[in-house]
Amino acid sequence: MASLSGIKVLDFSHALAGPYCTLLLADHGAAVYKIESPDGGDMGREWGPPFVGNQASYFIGLNRGKRSVSINLKCAEGVELCLRMMEKVDVVIENFRSGTVTRLGLGYETARARNPRIVYCSISGYGQNGPARDEPAMDLILQASSGLMSVTGTANGERVRCGYSVADVSTGMFALIGILMALRSRDASGLGQFVDVSMLDSMISAMTSNFMIYLGTGSVPDPLGTAYASIVPYRAFPTKDIDIAIAVGSDKLWRAFGPAIGHAELVDHPDYATNSMRVRNRVQLESFLAEMFRTDTMQNWQAKLRAAGIPASPVRRLDEVVNDPQCAVREMFPYTSDPVAGQVRVVGSPIKLTNQPASALSSAPELGQDTNKTLSDWFGMDSTELSHLQAAGLILQAGDMYTQT
């Protein structure tokens, strides 16, 4: 049995941060009911190409293993239906702009009155209080407003967005941690609680080492390309063919690094003997190493460095990672079955539990795919009542046409 088997989640989230959180929950057995508007659903359904069958590949990757229940939240009857569902779940998660769910009548206080055991997680750009709480936010904006973009890129170069949506993903992980903490607390108290997770807070926490450099020195860090402010050498260098990343993270590794690259004289050099000296003399040391690494191939350098125990890797493309034997053993790119596209390869769970492995994979749902079954199972609604709700524009079942009312 999966570790979160028996946990029911009502998921009002969209785009990336919330869906990433609920993806991890679903991977480990939680039953995630994705509440989507009948007029299109999660905006991520449209984020393509590429498309797999009739679904965006992006959407499949984040929403596999979930159930789609399509309810119109613009009418009181739809809101009341969702409140009835909240009475039967363990977790609610939403990432609307701050205050939106309260205006809809689906906020935490209302949910708690219906279900005191509920764990209610709100993900927002800037949090539920403070002068910026109402500002709109997406990953790019938070990479800028959190300071991340100021230290990403190269010195004197243009500001660069991180190559993946790090603000969204980090926030989704912190939301998961908060939800699990609240569920653990509920085991002892019998009561749920509100979990307030913001993208700004998440990025500041994730950038602890960056901010501590500033808080410790008063100096504002600049972008360093692939390098790291407080460790040298710790960056990527061009070789004869492919760039290689090296991480000499301690003075012990430094003493092995010099002989491994054929320059044992560097070990006790007065400018480089300790990490603090190497940081102070970064420019001259990295300039020397850059010229040296260009004299041989990545494969040859990697063999020498690994033989000496120095962490080193080529800068790999995504196709190389997908086809890596290590990733195969770790089951990081498994297949799932899609009803339209057939076998679809997705990204697997990074969390490996010895006794409770991740749940078997299923594809992302069509919009409204599970509406009728969920309402029938939870509330005993028969086909007549479901047809009435459908005709009134309150729900959508996959395959049905929806007319805005």
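The structure we're discussing is the one just above.
Residues numbered from 1 in each chain as written. Predicted model: local features only at pLDDT ≥ 70, side-chain atom pairs only at ≥ 80, totals over all residues. Heavy atoms only, no water.

K.L.:
I would appreciate a short explanation of the overall build of the chain in the present structure.
P.N.:
Within the chain, the regular secondary structure consists of 17 helices and 14 strands. Its C-alpha atoms give the chain principal-axis dimensions of about 85 × 50 × 40 Å. Counting only residues that meet the buried cut, the chain has 45% of its 405 residues in that class. For the chain, the computed accessible surface area is about 19,900 Å², with 55% contributed by carbon and sulfur atoms. Between the averaged position of the 35 positive side-chain charges in the chain and that of its 41 negative side-chain charges there is a distance of 5 Å. (Helix = DSSP H or I, 4+ residues; strand = E, 2+ residues; numbered from the N terminus. Buried < 20%, exposed > 50% of the residue type's maximum accessible area, 1.4 Å probe, protein only. Areas by Shrake-Rupley, 256 points an atom, 1.4 Å probe, with all protein chains shown as cover. Lys, Arg positive; Asp, Glu negative; His and termini not counted. Charge placed at Lys NZ, Arg CZ, Asp CG, Glu CD.)

K.L.:
Even after reading the chapter, I still don't get the pattern of salt bridges, so can you show me in this structure?
P.N.:
Between side chains of opposite charge, a pair can form when the charged atoms approach closely. For the structure shown, the criterion picks out 20 salt bridges. Salt-bridge contacts for arginine 114 lead to glutamate 87; the nearest nitrogen and oxygen are separated by 2.8 Å. Taken together, the residues arginine 114 in helix H5 (residues 108-114) and glutamate 87 in the loop between helix H3 (76-86) and strand S6 (91-94) connect sequence positions 27 residues apart. Arginine 161 is the partner of aspartate 139 in a salt bridge, and the nearest nitrogen-oxygen pair spans 4.0 Å. Of this pair, aspartate 139 sits in helix H6 (residues 139-145) while arginine 161 sits in the loop between H6 and helix H7 (166-189), placing them 22 residues apart in sequence. (Salt bridge = Lys/Arg side-chain N within 4 Å of Asp/Glu carboxyl O.)

K.L.:
What's the story with helix H8 (residues 199-206) in this structure? I'm lost.
P.N.:
Since there are 3.6 residues in each turn of an α-helix, residues three or four apart along the chain are aligned in direction. When we look at burial in H8, the residues that qualify are Met199, Ser202 and Met203. Buried residues in H8, looked at end-on, bunch into an arc of 95 degrees, giving them a common side. Summarising the contacts, the buried residues of H8 are in contact with strand S7 (119-124), H6, H7 and strand S8 (194-198). (Arc of directions from axis to C-beta. Contact = heavy atoms within 4.5 Å.)

K.L.:
Please explain the nonpolar core as it appears in this structure.
P.N.:
For soluble globular proteins, the rule of thumb is that nonpolar side chains tend to be buried together. One finds Leu10, Phe12, Ile71 and Met86 to be the most contacted residues of the largest nonpolar core, which totals 31 residues. Taken together, the elements giving at least two residues each to this core come down to strand S2 (31-36), strand S5 (67-71), H3, H5, helix H16 (371-379) and helix H17 (383-391). Among the elements that make up this core, the one with the highest residue count is H3 (six residues). If near-sequence neighbours (up to four positions away) are discounted, phenylalanine 12 is found in contact with Ile35, Leu73, Cys82, Met86, Val92, Ile93, Glu94, Asn95, Phe96 and Leu106. (Core = buried A, V, L, I, M, F, W, Y, C linked by side-chain atoms within 4.5 Å.)

K.L.:
Got a minute to help me understand the sheet that holds strand S9 (residues 234-237) in this structure?
P.N.:
Within a sheet, adjacent strands bond to each other through the backbone by hydrogen bonds, running parallel or antiparallel. Within the open sheet, the three strands sit side by side as S9-S10-S11. Their pairing is antiparallel. Two strands in the sheet have a free side with no partner beyond their single neighbour: S9 and strand S11 (312-314). The mean angle between the axes of side-by-side strands here comes to 15 degrees, regardless of whether they run parallel or antiparallel. Relative to strand S10 (residues 244-247), S9 runs antiparallel, the two sharing four bridges. Within S10, the position partnered with arginine 235 by the bridge is isoleucine 246. Helix H13 (residues 298-307) rests against S10 and S11 of the sheet, and its axis sits at about 160 degrees to S11. (Pairing = 2+ DSSP bridges. Axes fitted to C-alpha atoms, helices over the stretch in contact; angles between N-to-C directions.)

K.L.:
In this structure, what is going on with the side chain of aspartate 168? I would like to understand it.
P.N.:
Note that aspartate 168 resides in helix H7. Among buried charged residues, aspartate 168 stands out as having no salt bridge; its nearest opposite-charge side chain is arginine 161, 7.0 Å away. Ignoring any residue separated from it by four or fewer positions in sequence, one finds aspartate 168 in contact with Leu16, Ala17, Asp139 and Met199.

K.L.:
Can you help me understand the pairing of strand S13 (residues 342-345) in this one?
P.N.:
One face of the sheet, then the other: side chains in a regular strand alternate in exactly this way. Alignment of strand S12 (residues 335-338) against S13, held across four bridges, turns out to be antiparallel. Pairing of tyrosine 335 across the sheet is with arginine 345, part of S13. Following S12, the chain reverses through three residues before pairing antiparallel with S13.

K.L.:
Even after reading the chapter, I still don't get a nonpolar patch on the surface, so can you show me in this structure?
P.N.:
On the surface, a nonpolar cluster with roughly 450 Å² of combined accessible area is contributed by Met43, Trp47, Met138, Leu140 and Ile141. By the element assignment, leucine 140 lies in helix H6. (Patch = residues over 30% accessible without salt bridge, like charges linked within 9 Å, V, L, I, M, F, W, Y side chains within 5 Å.)

K.L.:
Could you clarify how one ought to interpret helix H1 (residues 17-27) in this entry?
P.N.:
In terms of burial, H1 is largely enclosed, as 11 of its 11 residues are buried. The inward-facing, buried residues of H1 abut strand S1 (8-11), S2, helix H2 (57-63), S6, S7 and H7.

K.L.:
How do you make sense of the environment of asparagine 372 when you look at a structure like this?
P.N.:
Within the secondary structure, asparagine 372 sits in helix H16. Overall, asparagine 372 belongs to the partly exposed group, its relative accessible area being 25%. In sequence terms asparagine 372 and valine 69 are 303 residues apart; their C-alpha atoms lie 7.9 Å from each other. Setting aside its immediate chain neighbours within four residues, asparagine 372 contacts Leu386, Ile395 and Gln397.

K.L.:
In this structure, what is going on with the side chain of arginine 64? I would like to understand it.
P.N.:
Mapped onto the elements of the fold, arginine 64 is located in the loop between H2 and S5. Owing to a relative accessible area of 2%, arginine 64 belongs among the buried residues under this scheme. Those residues within four positions of arginine 64 in sequence are excluded, and the remaining contacts are Leu23, Ala26, Asp27, Val346, Val347, Gly348, Ser349, Leu361, Ser362, Ser363 and Ala364.

K.L.:
Hey, could you run me through the packing of aromatic side chains in this one?
P.N.:
How two aromatic rings sit relative to each other is given by the distance of their centres and the angle of their planes. Taken as a whole and judged by the stated rule, the model has 10 aromatic pairs. Summarising the aromatic geometry, the rings of tyrosine 33 and tryptophan 378 are spaced 4.7 Å apart at their centres and angled 70 degrees between planes, so their arrangement reads as edge-to-face. Residue tyrosine 33 is found in strand S2, and its partner tryptophan 378 is found in helix H16; the two are separated by 345 residues along the sequence. The buried category is assigned to tyrosine 33, whose relative accessible area is 7%. Classification of tryptophan 378 as buried rests on a relative accessible area of 11%. Ring centres of phenylalanine 237 and phenylalanine 293 lie 5.1 Å apart, and the angle between their planes is 25 degrees; on these two criteria the pair is classed as stacked. With phenylalanine 237 in strand S9 and phenylalanine 293 in helix H12 (residues 282-293), this pair connects stretches of sequence that are 56 residues apart. (Phe/Tyr/Trp six-rings, centres within 6.5 Å; stacked < 30°, edge-to-face > 60°.)

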